[in-house]
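Residue-level listing of the chains:
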Amino acid sequence: MSQQWQERYAGALMNTFGPPKLVLVRGEGAHVWDADGKEYVDLLGGIAVNALGHAHPALVAAVTEQLTTLGHVSNFFTSAPQVELAERLLSLVAADGRVFFTNSGTEANEAAFKLTRRTGRTHLVAAEGSFHGRTMGSLALTGKPHMREAFEPLPGGVEHIPATVEALEATIDESVAALFVEPIQGEAGVVELPDGFMEAARELTARHGALLVVDEIQTGAGRTGQWFGFQHAGITPDAITVAKGIGGGFPIGGLVTFGRASSLYSKGQHGSTFGGNPLATAVANAVLDEIETTGLVENATVRGTQIRERVEAMDSPLVTGTRGRGLLLGVALSEPVAMPLAAEAMRAGLIVNAANDSTIRMAPPLNIGDAEVDEFADKFSLALDAVASRR
Ligand SMILES: Cc1ncc(COP(=O)(O)O)c(C=O)c1O
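A quick note: this is a predicted structure, and the numbers were derived from the prediction, not measured. (Residues numbered from 1 in each chain as written. Predicted model: local features only at pLDDT ≥ 70, side-chain atom pairs only at ≥ 80, totals over all residues. Heavy atoms only, no water.)

A. Molecular detail of the pairing of strand β7 (residues 176-181). Counting buried positions along β7 yields 6 of 6 residues, so the element is predominantly enclosed. Relative to β7, strand β5 (residues 123-127) runs parallel, the two being bridged by 3 bridges. Paired with His123 across the strands is Val176, a residue of β7. (Buried < 20%, exposed > 50% of the residue type's maximum accessible area, 1.4 Å probe, protein only. Helix = DSSP H or I, 4+ residues; strand = E, 2+ residues; numbered from the N terminus. Pairing = 2+ DSSP bridges.)

Have a look at this one:
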């Protein structure tokens, strides 16, 4: 069965992703099944999206109830779920502000990029190795030249600097409109910021009148053991962008601004047909409710620590360490074997991702328990042994 779908995929879908690794037909909790009936434990979670796992009853109920009540109305109108979600996102940061809803992460960063032009300054600063999305503005912010080059000219004014406090000190001045930063660079291979970076970023941007925009698209919704990654540093940015986990699999994103950043856009300067419709916002409210009421932010810390301890206890010559926070995890490898290792894991019935040649990334559902951690450990250890024995 899988083979046939793969062939049809190759004939009908654009070749932007390469051949799909699996043809999936069903999911439940942290498990998915492919078209040939094989079961996998999913430690990638749709790349940090399926915060509640697959087919969670709260998510299914929210979609069903809202869609049978009021699905979409356009932004000429509002609805209770939209207002409630905006208020909820602001309350999670405990700051006054405003929200603009989008359908994806890259659109949230586009909204932020455009917003910075309203400061009267055009110099933007972002980190080398960063990933902010694939649309033109977000791509311009992305610190990976190989992704940008084929699409130039991109919106101008973006300078990429090493993610160090020294580089920040040398760059942030009165010309800078905004600094964009991910609390952990997920796409780069779960790369953490150096100690003190976020605090220095806050201090320097505030001192020079620049905005601090934190891209929480991969790190938000409780993934790192705080609602948002920047909260580990105890600062408040001028804006955050969110997507992925807040919808638990339903497409939604948002730009959340605080303080003066909240009044930079005026009427007519930005928009979206779908953004913030009753359906998407009702689902996100249900996801955030579930995360809150079942303690999943705390569970991210507990399970993340457990997974790291299990990986380290495997004592594999291929593993040099683990990185990340909560349930955004990287396994650092001593050799560039991430691709064969992810393939071997998949053969063993485990979905993880080769974020780069020498890093395995995991971003599982936030509600995993002992059983899923055990299953992961058994299968990952088998995969490591298989790859090690082939060297
Ligand atoms: C940090 C970060 N920003 C932006 C994006 C883009 O989000 P989307 O794919 O929803 O457009 C991603 C997606 O991987 C991301 O990880």
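B. Representation of the packing of aromatic side chains. If you walk through the whole model with that rule in mind, you get 3 aromatic pairs. A centroid spacing of 6.4 Å and a plane angle of 80° characterise the contact between Phe76 and Phe77, whose relative ring orientation is edge-to-face. Summarising the aromatic geometry, the rings of Phe228 and Phe230 are spaced 6.2 Å apart at their centres and angled 5° between planes, so their arrangement reads as stacked. Since its relative accessible area comes to 1%, Phe228 is described here as buried. When the ring centre of Trp33 is taken as origin, the NZ or CZ atom of Arg26, which lies over that ring, is 3.9 Å away. (Phe/Tyr/Trp six-rings, centres within 6.5 Å; stacked < 30°, edge-to-face > 60°. Lys NZ or Arg CZ within 6 Å of the ring centre and 35° of its normal.)

C. Region of interest: the layout of surface pockets. Volume-wise, the second largest pocket comes out at about 600 Å³. Around the second largest pocket, the lining comprises 21 residues; the ones closest to its centre are Val99, Phe100, Phe101, Tyr265 and His270. At 4 residues, strand β4 (residues 97-102) tops the list of elements feeding residues into the lining of the second largest pocket. Residues that form the lining of the second largest pocket fall into these classes: 8 nonpolar, 11 polar and 2 charged. (1 Å grid on protein atoms, 1.4 Å probe; cavity = no way out; pocket = protein on both sides within 12 Å on 5 of 7 lines; lining within 4 Å. Points joined across faces, edges and corners; volume = space filled by probe spheres on them. Nonpolar A, V, L, I, M, F, W, Y, C, P; charged D, E, K, R; others polar.)

D. Representation of the site of the ligand within the structure. As a structural note, the neighbourhood of the ligand is formed by 13 residues, with Gly105, Thr106, Asp215, Gln218 and Lys244 the closest of them. Within the backbone of Gly105, an N or O atom sits 2.8 Å from an oxygen atom of the ligand. Gln218 has a polar side-chain atom sitting 2.7 Å from an oxygen atom of the ligand. In terms of residue count, the dominant contributor to the shell around the ligand is helix α5 (residues 105-117) (3 residues). In terms of residue class, the shell around the ligand is made up of 2 nonpolar, 7 polar and 4 charged. (Near = heavy atom within 4 Å. Polar contact = N/O pair within 3.5 Å; in protein donor to acceptor, adjacent residues only side chain to side chain.)

E. Looking closely at empty space enclosed by the protein. Inspection of every chain in the model, using the stated rule, returns 1 cavity of 30 Å³ or more. Volume-wise, the largest cavity comes out at about 40 Å³. Tallied by class, residues from the lining of the largest cavity come to 5 nonpolar, 4 polar and 1 charged.

F. Structural context of the sheet that holds strand β12 (residues 253-258). Strands sit in the order β4-β12-β11-β10-β7-β5-β6 across an open sheet of 7 strands; the sheet is mixed. Across the chains shown, the open sheet's two edge strands, defined by having one partner strand only, are β4 and β6 (158-161). Averaged over neighbouring strand pairs, the angle between their axes works out to 20° when direction is ignored. The pairing of strand β10 (residues 211-215) with strand β11 (residues 239-242) spans 3 bridges and is classified as parallel. Along β11, the bridge assignment pairs Asp215 with Thr241. Packing of helix α9 (residues 197-207) onto the sheet brings it into contact with β7 and β10, and relative to β10 it is tilted by some 150°. (Axes fitted to C-alpha atoms, helices over the stretch in contact; angles between N-to-C directions. Contact = heavy atoms within 4.5 Å.)

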